[in-house]
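So you can see what is in the structure, the chains are spelled out below.
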Amino acid sequence: MILRILFFWVTSVASLTCFGQTSLNYYLPSKTELNPNIPTPKSIIGHEVGEWHISHDKLVQYMYALAKASDRIEIEEYARSHENRPLLTLKISSPDNIQNLEKLRQEHLQLSDFNLSKNLDLNNMPLVAYLGYSIHGNEPSGSNAALLVAYYLAAAQGAEIEEWLKNTIILLDPSYNPDGLNRFASWVNSKKSLNLVTDPNNIEQNEPWPSGRTNHYWFDLNRDWLPVQHPESKGRVQQFHQWKPNVLTDHHEMGSNGTYFFQPGIPSRNNPLTPSKTYELTQKIADYHAKALDEIGSLYYSKESFDDFYVGKGSSYPDVNGGIGILFEQASARSHAQQSDNGVLTFPFAIKNHLTTSLSTLKAANELKSEILTHQQNFYTEIPSLADQDDIKGYVFSAANDHNKLKAFISILDIHQIEVFRLNQKFGSFNTSNSFIIPLKQNQNRMMKALFESRTAFQDSLFYDVSAWTLPLAFDLEYLALNEKQYSENLLGDRLLQTSFPTITNDLEQSSYAYAFLWEDSQAPALLYDIQKLGLRTKVATESWTDSDGQLFERGSIIIPVKNQILKEDIFYQQLQKLMTKHQIPISSCATGNSTGFQLGSPKFESLKIPKPLLVIGKGVNSYEAGEVWHLLDQRIGMALPMVTIDKLNNINLSAYNTIIMVDGSYGTLTQAKLNTWVQNGGNIITTRTAGKWASDIGLSKMKYKKITKDTTQKFLTYNQRSKSSGAQRIGGAIFETKIDLTHPIGFGFPDDTLPIFKRGTQFMEVAKNPYAQPIQYSDNPLLAGYISEENLKQLPNTPSIGLSAFGKGLIISFNDNPNFRAYWYGTNRLFLNALFFGGIIEAGSAR
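As the structure is a computational prediction, the values presented were derived from the model and not from experiment.

Draft legend 1. Looking closely at the overall build of the protein. Counting secondary structure elements, the protein contains 26 helices and 32 strands. In terms of overall size, the protein behaves like a compact globule, its C-alpha atoms giving a radius of gyration of 29 Å where 848 residues would be expected to give roughly 29 Å. If you line up the protein on its principal axes, its C-alpha atoms span 90 × 65 × 65 Å. When the 848 residues of the protein are sorted by exposure, 61% land in the buried category. Excluding contacts between residues fewer than 6 apart, the proportion of contacts in the protein whose partners are at least 24 apart in sequence is 79%. Approximately 32,800 Å² of the protein is accessible, and the part contributed by carbon and sulfur atoms is 48%. Charge centroids of the protein, computed over 77 positive and 84 negative side chains, lie 5 Å from each other.

Structure, rendered in structure tokens:
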């Protein structure tokens, strides 16, 4: 052990002081014979690997140069990032395999079809290995190692590499997150000194908010494998299913004082849907990593710190899709070199470790090829038996009057290769016009269960990520698990493909009086905003009404009077036709204001102002939550959203805005007096999570928060129980039932008065003294899915999920939780958008 630590220190310092010597000889296995006709990284990018952080454009440039020079490589662009950067896959194998790539792909896909898999001869079938790097952009040693991995696989000569390439099709993805990678590279390269500064307090080692970890909209793409809300993830998961790889690697970085982690992770936190054989093979492959890292003197560990419970990460997604996902975590230099508990940690050293485990993965895959292929074969051939033994035989789901939400939900299922069918006959409350059914007996059995199940019992009480993610709950769909008595193949209609999803066709008659549309569709706010941007006056119904044709319009429905608008009637009509087609929401013509219930001139129809929001961002603000708001308003609503830092907010005129959005974060440096005056004059503030408590603490909001007292009844606990005991009291992410006041503007557009809400953290509101100030509260028995301790569960029933507080003419709308979590919580997105679009009509007397 002493020799190994000494070797770590010596190699790190040698790399630090002799940057010119971090050549290929430093990285590649000794005595490697290389093809001189294959361009080295330096010959294309202009510097040695690790001398500078690779920018994404240079990374792409090198990969294309490599593909052009080598008959072992075929390159494909599979997607573009939000910032229009290409995402690439290099398909690397023997020249013979490359010539027959499509044939081999089709043959390999038969492994994942239980109707075909059991009859396949695996002896001559290549294994598919997917090597993926740096999904967190500020963990760049992965993408920099990808340069060397690709070069080695193209240039290395000898019996071993020839055998690998013959038996393996390698899919190399050099940068999962191009935008984050480039953002971070720009930072550290621009702060690098000629004489490397290793001080952790140095500017190079401390990147600014929001950091390069995330993508353009500040999302963690390693949590997006399941919800697939971003183009990077959609393309990657589609690429995954084009090949169904047997092994997938996911190369990360962790804290600078760590060493090197590889899976398996903590055994007690394995997802029950993952076969035990997956973990057995992960351990066998891990033995190869250990041996390889021993040879270069790197410290390492496994079976600690990380887990595979959440299936929406790169290292766990393959596990429920017939593959083996493997997480690697390298201690991060977060720069070119940094002092750490293990001495000076250099960027080249981090790169070398990832190169080493990339190659050890391929060595393991080649030597364990038969066992790994057989594992995937068995994974799928046992599905019919699993389905027969399961009490659940399928799921039926619907979303009345929300065409766009259904389409978004089904598009996720489609990307994950889950077969969806139209409901062939009425079943209970599910009708054939807008209901669908998913049978459990299909190839994606485990993936489907991962998306739909609501688990509340767990072997462990600690989780690296969320403990629940039930997709139909996130979308607030009506759904039902069907048992054997309920399920019948007669319920299955035509299979639905994403390309065949029905479109809304509605012949809009021109009116000289008014137009109206329902608020139930998830795209209704985007339609309303587009209408408001045209300068048209709009009103919202605060009570239900029926038009002269007998159509019922619930609370929240929007009317647009024709007269006294800035557009001529013909142009007005033409614009609405275009918007109806764009948003796929029917618009109705109203020939008269003499409607049933309330006439259209009634005070029950309140005039709306166009939202003019301002999002507070910057240091101290939760970048994930800020990004979720930005993404929601920019991508789905089509709203140009101004964003300012706290120091900027202190120095600007706020009169141009009618809503300030403050997400989870710390706002201690914000000028309170200025904000108070703006709210007193009629401005609204929407807060989420700790921002609401901050508003309460400074007296801006009158909502109160519970003080959680620690349990003092336990007299003695051993030191090693501390982290587990405290961790068990965290709410890392679970789903709870709430009750909505459907008569309140915050509750407009919901199909019923129950709504699943995602919660993380142990912040709880006290019950409001004013009964109208909590339009949404947790139910009597709120837990729907996920883990929460008994102590914390007792804090939730009947407490507010949203609290309202009047301040002068303005209002503070406090969300105790995050309604926009990871962009796929369509159900609670509506709450946030209602607060934004209808906050101005909430009566001050309803908020304490």
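Following the structure, the description resumes.
Draft legend 2. Region of the structure containing the pattern of salt bridges. On inspection of all chains with the given rule, the structure shows 34 salt bridges. Ionic pairing is found between glutamate 569 and lysine 563, a salt bridge with its closest N-O pair at 2.6 Å. The shortest N-O distance in the salt bridge between aspartate 664 and arginine 689 comes to 3.8 Å. Taken together, the residues aspartate 664 in the loop between β26 (659-662) and α22 (672-680) and arginine 689 in the loop between β27 (684-688) and α23 (690-697) connect sequence positions 25 residues apart. By relative accessible area, aspartate 664 is classed as buried at 12%.

Draft legend 3. Representation of the sheet that holds strand β14 (residues 435-439) within the structure. With antiparallel pairing, the five strands of this open sheet are ordered in space as β15-β12-β14-β13-β16. Where the open sheet ends on each side, the last strands, each with one partner, are β15 (478-483) and β16 (492-496). With strand direction ignored, the average angle separating the axes of adjacent strands in the sheet is 30°. Looking at chain direction, strand β13 (residues 420-423) and β16 are connected through three bridges and run antiparallel. Within β16, the residue paired with leucine 423 across the bridge is leucine 492. Those strands touched by helix α15 (residues 403-415) are β12 (392-398), β13, β14 and β16, and its axis lies near 145° from that of β12.

Draft legend 4. A look at the environment of glutamine 377. For glutamine 377, the location among the structural elements is in helix α13 (residues 369-381). Each C-alpha atom, one on glutamine 377 and one on leucine 116, is 9.5 Å from the other, the two residues being 261 residues apart in sequence. Those residues in contact with glutamine 377 that sit more than four places away from it in its chain are Leu111, Ser117, Lys118, Leu120 and Leu122.

Draft legend 5. Structural context of helix α16 (residues 445-452). Of all the eight residues making up α16, eight are buried; the element is thus mostly covered by neighbouring parts of the structure. Listed in full, the buried residues belonging to α16 are Asn445, Arg446, Met447, Met448, Lys449, Ala450, Leu451 and Phe452.

Draft legend 6. Region of the structure containing the packing of aromatic side chains. Applying the stated rule across the entire model yields 36 aromatic pairs. Residues tryptophan 225 and tyrosine 317 carry aromatic rings whose centres are separated by 5.7 Å and whose planes lie at 40° to one another, so their mutual orientation is tilted. Of the two residues, tryptophan 225 sits in the loop between α9 (178-191) and α10 (231-243) while tyrosine 317 sits in the loop between α11 (276-296) and β9 (324-331), which places them 92 residues apart along the sequence. Pair check on accessibility: tryptophan 225 and tyrosine 317 agree, each one buried. Taken together, the ring pairs connect Tyr395, Phe397, Phe409, Phe436, Phe452, Phe475, Tyr479 and Tyr826 into an aromatic cluster. Across the ring face of tryptophan 52, the terminal group of lysine 192 is positioned such that the distance to the ring centre comes to 3.9 Å. Directly above the aromatic system of phenylalanine 750 lies the positively charged group of arginine 830, at a separation of 5.7 Å from the ring centroid.

Draft legend 7. Just helix α18 (residues 524-533), in detail. Counting buried positions along α18 yields nine of ten residues, so the element is predominantly enclosed. Residues Ala524, Pro525, Ala526, Leu527, Leu528, Tyr529, Asp530, Ile531 and Gln532 constitute the buried set of α18. Where α18 is buried, its residues meet β17 (514-517), β21 (558-561), α19 (569-583), α20 (623-637) and α26 (826-838). Glycine 535, located one to two residues past α18, shows a positive phi value of around 85°.

Draft legend 8. Just unusual backbone geometry, in detail. The step from tryptophan 209 to proline 210 runs through a cis peptide bond, and the omega angle for that step is 5°. Relative to the elements of secondary structure, proline 210 occurs in the loop between α9 and α10. Phi is positive for arginine 689, which is not a glycine, with a value near 50°. Although it is not a glycine, arginine 822 adopts a positive phi angle of roughly 50°. You can see arginine 822 is positioned in the loop between β32 (810-815) and α26. A relative accessible area of 11% means that arginine 822 is categorised as buried.

About the cut-offs
- Residues numbered from 1 in each chain as written.
- Predicted model: local features only at pLDDT ≥ 70, side-chain atom pairs only at ≥ 80, totals over all residues.
- Heavy atoms only, no water.
- Helix = DSSP H or I, 4+ residues; strand = E, 2+ residues; numbered from the N terminus.
- Rg over C-alpha atoms; globule rule 2.2 N^0.38 Å.
- Buried < 20%, exposed > 50% of the residue type's maximum accessible area, 1.4 Å probe, protein only.
- Contact = heavy atoms within 4.5 Å.
- Areas by Shrake-Rupley, 256 points an atom, 1.4 Å probe, with all protein chains shown as cover.
- Lys, Arg positive; Asp, Glu negative; His and termini not counted.
- Charge placed at Lys NZ, Arg CZ, Asp CG, Glu CD.
- Salt bridge = Lys/Arg side-chain N within 4 Å of Asp/Glu carboxyl O.
- Pairing = 2+ DSSP bridges.
- Axes fitted to C-alpha atoms, helices over the stretch in contact; angles between N-to-C directions.
- Phe/Tyr/Trp six-rings, centres within 6.5 Å; stacked < 30°, edge-to-face > 60°.
- Lys NZ or Arg CZ within 6 Å of the ring centre and 35° of its normal.

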